[in-house]
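An overview of the molecular structure
Chain by chain, the residues:
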Amino acid sequence: MQRPGALFAVCFCAGLIAAFCSHLAIWLNGPWGFPLLTGEARPSAFFAAWICPRLLIGGSWGLPYYLAIGTPRSRRYWIRKGLLVSLLPSAWQLLFVYPKQTPYGLFGID
């Protein structure tokens, strides 16, 4: 039987790894200009001051998945639950970040 603390750490690390892969792709695609299209600033080097805050935010987005599958009885349909929980960061980006922090408006369509 798995301990709840271990599952908490696994969910946090899953969000952390997803954030790392996402921002590594942004950094590697920098010479083609893709980060500028999304409004993401690309540093000239892949360094800790740029990636650490993004990793912590990514790990914190992995924690709602822990709430969805936190008990052993609720671990059925974990892929479906993961897909549903993944809508949270997308909704946050489309409904909060775009309208309030960028000039793109609601859902980023302006």
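Worth saying up front: this structure is predicted, and the values here are computed from it rather than measured.

Structural notes on helix α5 (residues 87–101)
A rise of 1.5 Å per residue sets the reference length of α5, with its 15 residues, at 21 Å; its end C-alpha atoms lie 20 Å apart and thus fit the reference within 8%. At Q93, α5 shows its strongest bend, of approximately 35 degrees.

Some remarks on the environment of L63
Among the structural elements, L63 can be located in helix α3 (residues 48–69). Classification of L63 by relative accessible area gives partly exposed; the value is 22%. It is 9.2 Å that separates the C-alpha atoms of L63 and V10, two residues lying 53 residues apart in sequence. Leave out the neighbours within four places in its chain, and L63 touches F8 and F12.

Remarks on the packing of helix α4 (residues 78–85) against α5
Between α4 and α5, the shortest axis-to-axis distance is 5 Å and the interhelical angle comes to 10 degrees. Here α4 lies roughly parallel to α5, going by the angle between them. Two secondary-structure elements touch here, α4 through L83, L84 and V85 and α5 through L87, L88 and P89. Residues of the contact of α4 with α5, tallied by class, amount to six nonpolar, no polar and no charged.

Some remarks on the nonpolar core
With six residues, the main nonpolar core is built from L7, C11, Y65, Y66, I69 and V85. When residues of this core are traced back to their parent elements, those giving at least two are α1 (4–28) and α3. The greatest single-element share of this core, amounting to three residues, is contributed by α3. Excluding anything up to four places from it in sequence, Y65 contacts C11, W78, K81, G82 and V85. Counting five residues, the second largest nonpolar core, distinct from the first, contains A19, W27, I51 and L55.

Description of the packing of aromatic side chains
A full pass over the atoms with the stated rule returns three aromatic pairs. For the ring pair W61 and W92, a centre distance of 6.3 Å and an interplane angle of 55 degrees mean the geometry is tilted. Residue W61 is found in helix α3, and its partner W92 is found in helix α5; the two are separated by 31 residues along the sequence. What links up through ring pairs into an aromatic cluster is the set W61, W92 and F96.

Let's talk about the packing of α3 against α4
Where α3 contacts α4, the axes come no closer than 10 Å and their chain directions differ by 140 degrees. As summarised for this structure, α3 and α4 are arranged oblique, according to the angle between their axes. Our pair here, α3 against α4, has a crossing hand that is right-handed. Taking contact as the criterion, the partners of P64, Y65, A68 and I69 in α3 are, on α4, W78, K81, G82 and V85. Its residues assigned to classes, the contact of α3 with α4 shows six nonpolar, one polar and one charged.

Rules of the game
Residues numbered from 1 in each chain as written. Predicted model: local features only at pLDDT ≥ 70, side-chain atom pairs only at ≥ 80, totals over all residues. Heavy atoms only, no water. Helix = DSSP H or I, 4+ residues; strand = E, 2+ residues; numbered from the N terminus. Expected span 1.5 Å × (residues − 1). Bend = angle between axes of the 7 residues up to and from the residue. Buried < 20%, exposed > 50% of the residue type's maximum accessible area, 1.4 Å probe, protein only. Contact = heavy atoms within 4.5 Å. Axes fitted to C-alpha atoms, helices over the stretch in contact; angles between N-to-C directions. Parallel < 35°, antiparallel > 145°, perpendicular 65-115°, else oblique. Nonpolar A, V, L, I, M, F, W, Y, C, P; charged D, E, K, R; others polar. Core = buried A, V, L, I, M, F, W, Y, C linked by side-chain atoms within 4.5 Å. Phe/Tyr/Trp six-rings, centres within 6.5 Å; stacked < 30°, edge-to-face > 60°. Left-handed = near helix turned anticlockwise from the far one by under 90°.

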